[in-house]
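# Overview (structure and organization)
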Amino acid sequence: MHLFPRPVSIFGLESLIYLTLHNTGSMSRVPQNPKARHPTIFFIDLNIFTGPTSFTPCQGQILMGPVGSPKPIAKNLVRPDGIAISLRKQTLFWTCMGLPDRCDGAIYSSSMDGSRVSIVLSPGSGHSLKQLAVDDENLKLYFCDRQGLRVMRCDFDGQNLQVLIETGDPSDREDAADESRWCIGIGLSLAAGKFYWTQKGPPKGNRGRLFRANIDFPDGKDAKSRGDVEMLLQGLPEPIDIAIDDDTDTLYWTDRGEIPIGNSVNSVKMSELKGLGQDASPSLAFRDYHPIMWNLHEAIGIAVDADQQQLYVTDLGGSLYQIDIATGLSKIIHERLGTLTGVAVAYLA
């Protein structure tokens, strides 16, 4: 049982009572099916702190391995963030945010073992590129550009780069500094023809939002004029990355905002989400969406293993977690590994 020392009134007494008495996100042992195949987990370590006063933005790495034995397969990356897998092409893709305060975000690809690294989008193609998602049917990458105030897509080889969403003018200092405009996490529902993204808002600010729009542009429209954008949740602590399971109609996301509702993993049924007006009241946990796990240390990455109904989650505190969706039970797979961000999961031959 977890008792929270600092209740936040905006979430309501009912949510606080539920959190105290029904903390299904507490650490426990996940039942294992001995006949189940074991997935390979890929996750990113920013590796930016090499000492008490040392900041090294160019030593990020990608770790790969079955549960229990990760190994680095790519090193010396410039602030890597998001990672995704194309099973069709047996290819890894990842974003790099680039150096702080520079417009030098990039996307790279490699074989599943980290060999044959290629540039998909060269540095400068975006500002600070964050989570990315793979459309294996159409061989497309979708990704968010944080300070670029955009959601974008391109082909697997970087061609046909297209802006899908613009939340402001990145050349305008006021717009660029407005964190409510920052696009962070992205997920695809190919079954519904929709993509979803988060705009995180200020740190611990309870101004985060979740949006969706059609994968196909409305006729004659562009990123500025499209009229199909829906705001679905608002007033979230600080939403970050997204994972989608079309088979169960479920969208999952991490939130690195303030406790008790922030630093959590959450879920919602996509078919139950409706567009909100600009003057709508804040979305509430346990009414509008469902926290699964909390008390993380700056939650960031999330991936869903739809086959075994498991979630894999990372935090900046250096931990990789596994959550059993059916029971809500979770365990730490790794801890104190570095500064972890994106995560992806796949079953390899």
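Everything in this summary refers to the structure shown in the same document. A quick note: this is a predicted structure, and the numbers were derived from the prediction, not measured.

Tracing the backbone shows Ser-115 in the loop between β8 (105-111) and β9 (118-126). Judged by its relative accessible area of 27%, Ser-115 falls in the partly exposed class. The spacing of Ser-115 and Leu-92 is 23 residues in sequence and 9.9 Å in space, taken between C-alpha atoms. Looking at Ser-115, its side chain comes within polar contact range of the side chain of Asp-113, at 2.6 Å.

Further remarks concern unusual backbone geometry. Going from Ile-259 to Pro-260, the amide bond is cis rather than trans, its omega being 10 degrees. Tracing the sequence through the fold places Pro-260 in the loop between β19 (250-255) and β20 (264-269). Positive phi is not limited to glycine here, since Lys-204 has a value of about 55 degrees. Residue placement: Lys-204 occurs in the loop between β15 (194-199) and β16 (208-214). Accessibility expressed as a relative area gives 29% for Lys-204, which makes it partly exposed. Despite not being glycine, Phe-286 has its phi angle at roughly 70 degrees, a positive value. For Phe-286, the position within the fold is in the loop between β20 and β21 (290-294).

Below, the discussion takes up the side chain of His-334. One can find His-334 in strand β25 (residues 330-334). Classification of His-334 as buried rests on a relative accessible area of 11%. Among all residues touching His-334, those that are not within four sequence positions of it are Phe-43, Gly-68, Ser-69, Pro-70, Gly-318, Ser-319 and Leu-320.

Our focus in this paragraph is the packing of aromatic side chains. The relative placement of two aromatic rings is captured by the distance of their centres and the angle of their planes. Enumeration over the complete set of coordinates arrives at 6 aromatic pairs. Ring centres of Trp-94 and Tyr-108 lie 6.1 Å apart, and the angle between their planes is 25 degrees; this geometry places the pair in the stacked category. Of this pair, Trp-94 sits in strand β7 (residues 91-96) while Tyr-108 is found in strand β8, placing the two residues 14 residues apart along the sequence. The buried category is assigned to Trp-94, whose relative accessible area is 1%. Tyr-108 gets classed as buried once you look at its relative accessible area, which sits at 18%.

Let us look at the pattern of salt bridges. Under the defined criterion, the tally for this structure stands at 13 salt bridges. A salt bridge links Asp-145 to Arg-150; the shortest N-O distance between them is 2.8 Å. Asp-145 gets classed as buried once you look at its relative accessible area, which sits at 0%. A salt bridge links Arg-181 to Asp-175; its shortest N-O distance comes to 3.5 Å. According to the relative accessible area criterion, Arg-181 is partly exposed, its value standing at 26%. What you see here is one network of salt bridges that share partners, running through Asp-175, Asp-178 and Arg-181.

With that settled, consider the sheet that holds strand β5 (residues 71-77). Taken in spatial order, the 4 strands line up as β5-β4-β1-β26 in an open sheet, and their pairing is antiparallel. Two strands in the sheet have a free side with no partner beyond their single neighbour: β5 and β26 (340-346). With direction set aside, neighbouring strand axes in the sheet form an average angle of 15 degrees. Taken together, the 5 bridges between strand β1 (residues 40-45) and β26 define a ladder with antiparallel strand orientation. Across the sheet, the residue bridging to Phe-43 is Val-343, located in β26.

In this structure, Phe-42, Ile-62, Ile-83, Ile-85, Leu-92 and Trp-94 are the most contacted members of the largest nonpolar core, which totals 17 residues. Of all the secondary-structure elements, those providing two or more residues to this core are β1, β4 (60-66), β5, β6 (80-86), β7, β8 and β26. Sequence-distant contacts of Trp-94, defined by excluding residues within four places in its chain, comprise Ile-44, Ile-62, Leu-77, Gly-82, Ile-83, Ala-106, Ile-107, Tyr-108, Ser-109, Ser-110, Val-117 and Leu-132. Residues Cys-144, Cys-183, Phe-195 and Trp-197 belong to the second largest nonpolar core, which totals 16 residues.

A contiguous patch of negative charge on the surface is contributed by Glu-166, Asp-169, Asp-172, Glu-174 and Asp-222. Examined against the element boundaries, Asp-222 turns out to sit in the loop between β16 and β17 (230-236). By relative accessible area, Asp-222 is classed as partly exposed at 41%.

Taken in spatial order, the 4 strands line up as β10-β11-β12-β13 in an open sheet, and their pairing is antiparallel. Looking along the sheet, the strands with just one partner apiece sit at the ends: β10 (129-135) and β13 (162-166). Averaged over all pairs of adjacent strands, the angle between their axes in this sheet comes to 20 degrees, without regard to strand direction. By the bridge criterion, 5 bridges tie β10 to strand β11 (residues 140-145) in an arrangement that is antiparallel. Bridged to Ala-133 within β11 is Tyr-142.

Rules used throughout
Residues numbered from 1 in each chain as written. Predicted model: local features only at pLDDT ≥ 70, side-chain atom pairs only at ≥ 80, totals over all residues. Heavy atoms only, no water. Helix = DSSP H or I, 4+ residues; strand = E, 2+ residues; numbered from the N terminus. Buried < 20%, exposed > 50% of the residue type's maximum accessible area, 1.4 Å probe, protein only. Polar contact = N/O pair within 3.5 Å; in protein donor to acceptor, adjacent residues only side chain to side chain. Contact = heavy atoms within 4.5 Å. Phe/Tyr/Trp six-rings, centres within 6.5 Å; stacked < 30°, edge-to-face > 60°. Salt bridge = Lys/Arg side-chain N within 4 Å of Asp/Glu carboxyl O. Pairing = 2+ DSSP bridges. Axes fitted to C-alpha atoms, helices over the stretch in contact; angles between N-to-C directions. Core = buried A, V, L, I, M, F, W, Y, C linked by side-chain atoms within 4.5 Å. Patch = residues over 30% accessible without salt bridge, like charges linked within 9 Å, V, L, I, M, F, W, Y side chains within 5 Å. Areas by Shrake-Rupley, 256 points an atom, 1.4 Å probe, with all protein chains shown as cover. Lys, Arg positive; Asp, Glu negative; His and termini not counted. Charge placed at Lys NZ, Arg CZ, Asp CG, Glu CD.

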